[in-house]
Amino acid sequence: MSSPATLPVTNQQATQSQPPINTPAFRTFLSRLSSSLRASLSQRRPWLELIDRTSFARPDSLTDSISRIRKNLAYFKVNYAAIVSLVLAFSLLSHPFSLLVLLSLLGAWMFLYLFRSSDQPLVIFGRSFSDRETLLGLVVTTVVVVFMTSVGSLLTSALTVGVAVVCLHGAFRVPDDLFLDEQEPANAGLLSFIGNSAAATSAAAASVVAGRV
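Residues numbered from 1 in each chain as written. Predicted model: local features only at pLDDT ≥ 70, side-chain atom pairs only at ≥ 80, totals over all residues. Heavy atoms only, no water.

The protein chain has the name PRA1 family protein in an unreviewed UniProt entry, where Brassica campestris is given as its organism. According to the UniProt record, the Sequence similarities (unreviewed entry) comment for the protein chain is "Belongs to the PRA1 family." (UniProt positions renumbered as here; feature names shortened; annotations may be inferred.)

Dropping the structure here:
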């Protein structure tokens, strides 16, 4: 009497697939981004102070307008950044296709390069791509999407409108009653705020990219 055939047993731990995203790096990035946003929003000025009708007056000259804009930018930099962001968000929401394209592009960067496990090669249609090839493909795709489609013109138009609204408000808002903190320089305007926020976000992303090299 023959013994029953034995079924092959597969080692589940060996066959368990690696997650498509590097979870610790992704959590670190989100943590640093959240900390940067909280630190930036803590500098926000009261919105009622921004729209105080008694503080608006026509500027006497172009020099006066520029002086007002510089002072208001330094004081309301977080509020102005929020206004520009809202204009940009409204423009994207009113053009769902452009929003979908940008979200797809962001997802491609996140899942195909930034937070993909370094020991898990990218395989498309049976072909394996190295990190350099993946990075080059994403850069080329980003350039094509931003500069050679309607997405780029939409972003440019939205940013132009947002900056115009900020400059118009800054020119007519009398900054005589505004006082900067002592530790805050007078020339720390919107551009420096955006630059610092972008630098913090870039540092978080750079730490992830450095782990892949």
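1. Considerations on the packing of aromatic side chains
Per the counting criterion, the structure on display carries 3 aromatic pairs. Measuring from centroid to centroid gives 6.0 Å for phenylalanine 76 and tyrosine 80, while their planes differ by 55°, and the two rings are tilted. Summarising the burial analysis for this pair, phenylalanine 76 and tyrosine 80 share the class buried. Centroid distance tryptophan 109 to tyrosine 113: 6.3 Å. Interplanar angle 90°. Geometry classified as edge-to-face. Taken together, the residues tryptophan 109 and tyrosine 113, both in helix H6 (residues 96-114) and 4 residues apart, mark about one turn of the helix. Aromatic ring contacts, followed pair by pair, group Tyr75, Phe76 and Tyr80 into a single cluster. In this structure, arginine 45 packs its charged tip against the face of tyrosine 75, placed 4.0 Å from the ring centre. (Phe/Tyr/Trp six-rings, centres within 6.5 Å; stacked < 30°, edge-to-face > 60°. Buried < 20%, exposed > 50% of the residue type's maximum accessible area, 1.4 Å probe, protein only. Helix = DSSP H or I, 4+ residues; strand = E, 2+ residues; numbered from the N terminus. Lys NZ or Arg CZ within 6 Å of the ring centre and 35° of its normal.)

2. Here we look at the packing of helix H4 (residues 62-75) against helix H8 (residues 150-172)
For any two helices packed against each other, the geometry is given by the interaxial angle and the distance between the axes. Where H4 contacts H8, the two axes come as close as 7 Å, and the packing angle between them is 110°. By the criterion of interaxial angle, the relationship of H4 to H8 is roughly perpendicular. Mapping the contact onto sequence places Ser65, Arg68, Ile69, Asn72 and Leu73 in H4 and Val166, Cys167, His169, Gly170, Ala171 and Phe172 in H8. Grouping the constituent residues of the contact of H4 with H8 by class yields 6 nonpolar, 4 polar and 1 charged. (Axes fitted to C-alpha atoms, helices over the stretch in contact; angles between N-to-C directions. Parallel < 35°, antiparallel > 145°, perpendicular 65-115°, else oblique. Contact = heavy atoms within 4.5 Å. Nonpolar A, V, L, I, M, F, W, Y, C, P; charged D, E, K, R; others polar.)

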